[in-house]
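Listed below, chain by chain, are the residues.
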2 protein chains.
Amino acid sequence: MNFELTILGTNAALPIVGRSPSAQVLQIHHHHFLIDCGEGTQLRMLETGVRHNRIIQIFISHLHGDHVFGLIGLLTTWHLSNREAPVDIFAPEGLEEMIGVQLESGHTKLKYPLEFHPIDTKRHALLFENEVAQVFSLPLDHRVPTSGFLFREKQRSDNIIPEKIETYQIPVEQISAIKDGADYILPDGRRIPHQELTVPAPPPRSFAYCADTRYRKELIPLVKGVDLLYHEATFLDDNKDRAHRTYHATARQAATLAKKAGVGQLVLGHFSSRYEKIAPFAEEARKVFPNAIAAEDGTRIEIPAPERGLRE
Amino acid sequence: MNFELTILGTNAALPIVGRSPSAQVLQIHHHHFLIDCGEGTQLRMLETGVRHNRIIQIFISHLHGDHVFGLIGLLTTWHLSNREAPVDIFAPEGLEEMIGVQLESGHTKLKYPLEFHPIDTKRHALLFENEVAQVFSLPLDHRVPTSGFLFREKQRSDNIIPEKIETYQIPVEQISAIKDGADYILPDGRRIPHQELTVPAPPPRSFAYCADTRYRKELIPLVKGVDLLYHEATFLDDNKDRAHRTYHATARQAATLAKKAGVGQLVLGHFSSRYEKIAPFAEEARKVFPNAIAAEDGTRIEIPAPERGLRE
């Protein structure tokens, strides 16, 4: 079961050749979630082979252009492609009007249902849930109302041990109940306990998206122990004051947060176009938190399922 | 003095790898005019080396996304780059609200003056004029109000013949008046006629942009004899019915217009993404009008100044 992040854009607001504005696609099992949608995102998807028609839920952190100007193009492309599947957009207040006016100007009546779900950017709350994951808001500290996103894979049912099916001749229609916790009663009345028949499913995985924001210590308990943390690093530490003034973070600050929250892996992005090279971002971060990388457009990060658990 | 068109995008509404949506930059002398601005235009400019901060006037043909979704990104980039020079946008009614709502949503107060000039898309009229050119609207036939654009270089003053300055010892402060039509009076009272001192400047050049539109015979007198005609060719002639139904044109129709209007050169664009290859567009057009090409993203077409005229 996949848990994979594809980073489509790594640059801050001012564009630069080779680095697009923010957009990421998180795949959890067969569900694809789009996170932010800067200008050109739909083209980046075509180039990287992300199949955008699988996306149903879109999460927009804030209404600055480098996180949202690609959305209208994507929505229009779906319309022109005769999409019928609904789309749900989670975003701070204001996006519905922004998109609505553009659709009206082009005389476009979407062929699919589109629903906006305004985010209260001051609260850490459950935004969305389906059979594979829950998505929570993360209050961030930026110039306009901004939310990060925490994706938590759901704990799956225990895995049945194939040999036990054989040994006890368990009928196929009982398997689902056993996975979910039932014991198995043999025809002679003997009870085989659930624990003997199953191993736990791998523990669920998690990803936190934190952009745009100043360093914010209140995030530490919220992203504690996530497998993968994306944190913006618009600047290096030599521009720490500028970062603070513009409500952004430095690579060192992002790494400090990663360290204090004990995350598995840190990936940096949203680099200011004043920096031609991004290697220094990774270098600066690794001094504080070794398992850190600086994303490039197209970077894919897979979180493999941990070894299947054994009863202790 | 330059007269050069750079085509930044050649695709119709549904994006495809390698073909961006519509946008062109026309350079006349030192003035750069942007015509349409599909998603990603500012990145295409960076990639092709077009210096977008030289642009002051923007002409938008209609409010379909593939002609306008890149505008907000460009305007925002100028804002973030501390632009001070004013921007004038000529477009059908509705664009001001579309842009205004987006700027408000991002809490952006532009640092430069931005003025919208609504186009009456039913009239052929002068939209704009500066020292080098005039720009006229061209009523087109599309699903929403749409205007083409006709750019006419202004006739420049006659060129003075350098040897005549020497022969008659013409003082430098008189040269401008002579270029503009004055005779020169020698100190002894003799009159040297303007015609003897000058040769005419090269005749002015012209470019017409016609997208999106059905074949429209009313355009013929309006674009008669232009040096360069850009006409949309969303389809090949095998999709003529579909072209008509969707208010688009075929390559053959564009070529027919070029032939009847006696233009110098035809360039085709706005290709439907159903066509992987664009060579067939040029082939179809050339059967009707030989001096035709199918544009690629990044195509540059220079209209050289004709040989400097001689008095007949």
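Look up: the structure comes first, before these words.
The helix and strand inventory of chain A stands at 10 helices and 18 strands. Overall, the C-alpha framework of chain A stretches about 75 × 55 × 35 Å when taken along its three principal axes. At a minimum sequence separation of 6, the contacts of chain A that also span at least 24 residues come to 66%. Of the roughly 13,500 Å² of accessible surface on chain A, a fraction of 48% belongs to carbon and sulfur atoms.

Bringing the sheet that holds strand 5 (residues 87–92) of chain B into the picture now. Residue and element names in this part refer to chain B. Reading across from one edge, 6-5-4-3-2-1-18 is the order of the 7 strands in this open sheet, with mixed pairing throughout. In the strand order of this sheet, the two ends are held by strand 6 (114–119) and strand 18 (300–302), each with one partner. Neighbouring strand axes in the sheet, compared pairwise and without regard to direction, differ in orientation by 20 degrees on average. Across 6 bridges, strand 2 (residues 23–28) lies against strand 3 (residues 31–37) in antiparallel orientation. Of the residues in strand 3, the one forming a bridge with A23 is C37. Seen against the sheet, helix 3 (residues 71–80) touches strand 3, strand 4 (55–59), strand 5 and strand 6 and runs at an angle of roughly 170 degrees to strand 5.

Any aromatic ring pair is given by two values, namely how distant the centres are and how the planes are angled relative to each other. All told, the structure shown has 28 aromatic pairs over all chains when counted by the stated rule. On the numbers, 4.8 Å between centres and 10 degrees between planes, the contact of F59 of chain B with F90 of chain B is stacked. Of this pair, F59 of chain B sits in strand 4 while F90 of chain B sits in strand 5, placing them 31 residues apart in sequence. The same class applies to F59 of chain B and to F90 of chain B, which are both buried. Grouping aromatic residues by their ring pairs yields a cluster made of F33, F59, F90, F128, F149, F151, F207, Y209 and Y230 of chain A. Across from the ring centre of W78 of chain A, 4.2 Å away, lies the NZ or CZ of R83 of chain A, which sits over that ring.

Turning to the side chain of T234 of chain A, a few remarks are in order. Residues and elements named next belong to chain A. Of note, T234 is situated in the loop between strand 15 (228–232) and helix 8 (240–245). Among the polar contacts listed, one links the side chain of T234 to the side chain of H270, at a separation of 2.9 Å. The contacts of T234, once residues within four sequence positions are left out, are A12, H248, A249, G269, H270, F271, S272, Y275 and F281.

What follows concerns the pairing of strand 3 (residues 31–37) of chain A. On any regular strand, side chains alternate: one points to one face of the sheet, the next to the other face. Residues and elements named next belong to chain A. Most of strand 3 is tucked away, with 6 of its 7 residues classed as buried. What sits between the antiparallel neighbours strand 2 (residues 23–28) and strand 3 is a turn of 2 residues, in which H29 has the positive phi angle 55 degrees. Bridging between strand 3 and strand 4 (residues 55–59) involves 4 bridges; their strand directions are parallel. Note that in strand 4 the partner of L34 across the bridge is I58. A crossover connection joins strand 3 to the parallel strand 4 through helix 1 (residues 41–48); in handedness this β-α-β unit is right-handed.

Residues and elements named next belong to chain A. Most of strand 5 (residues 87–92) is tucked away: 6 of the 6 residues are buried. Judged from the 3 bridges that link them, strand 4 and strand 5 form a sheet pairing that is parallel. Bridge pairing links Q57 to D88 in strand 5. In this fold, the crossover linking strand 4 to strand 5 by way of helix 2 (residues 71–80) has right-handed handedness. In this structure, strand 5 lies alongside strand 6 (residues 114–119), joined through 6 bridges in parallel fashion. Its bridge partner being in strand 6, I89 is matched across the sheet by F116. After leaving strand 5, the chain enters helix 3 (residues 95–105) and then returns to the sheet as strand 6, a path that is right-handed.

Now for the interface of chain A and chain B. Opposite the 33 residues of chain A that make contact, chain B presents 33 residues. Summing both partners gives a buried area of about 2,800 Å² for chain A against chain B, and 69% of it is carried by carbon and sulfur. One can count 0 salt bridges joining chain A with chain B. Along the contact surface separating chain A from chain B lie 5 residue pairs in polar contact (both at pLDDT 80 or more). Residue assignment for the side of chain A that touches chain B shows that the elements contributing at least two residues are helix 1, helix 2 and helix 3 of chain A. By residue number, the principal contributor to the side of chain A that touches chain B is helix 1 of chain A, which donates 6 residues. Taken together, the residues of the side of chain A that touches chain B sort by class into 14 nonpolar, 15 polar and 4 charged.

So, how was this worked out
- Residues numbered from 1 in each chain as written.
- Chains lettered and ligands numbered in written order.
- Predicted model: local features only at pLDDT ≥ 70, side-chain atom pairs only at ≥ 80, totals over all residues.
- Heavy atoms only, no water.
- Helix = DSSP H or I, 4+ residues; strand = E, 2+ residues; numbered from the N terminus.
- Contact = heavy atoms within 4.5 Å.
- Areas by Shrake-Rupley, 256 points an atom, 1.4 Å probe, with all protein chains shown as cover.
- Pairing = 2+ DSSP bridges.
- Axes fitted to C-alpha atoms, helices over the stretch in contact; angles between N-to-C directions.
- Phe/Tyr/Trp six-rings, centres within 6.5 Å; stacked < 30°, edge-to-face > 60°.
- Buried < 20%, exposed > 50% of the residue type's maximum accessible area, 1.4 Å probe, protein only.
- Lys NZ or Arg CZ within 6 Å of the ring centre and 35° of its normal.
- Polar contact = N/O pair within 3.5 Å; in protein donor to acceptor, adjacent residues only side chain to side chain.
- Right-handed = clockwise from strand over helix to strand, strands pointing away.
- Buried area = accessible area lost by both parts, 1.4 Å probe.
- Salt bridge = Lys/Arg side-chain N within 4 Å of Asp/Glu carboxyl O.
- Nonpolar A, V, L, I, M, F, W, Y, C, P; charged D, E, K, R; others polar.

Taken by themselves, the reported measurements are silent on function.
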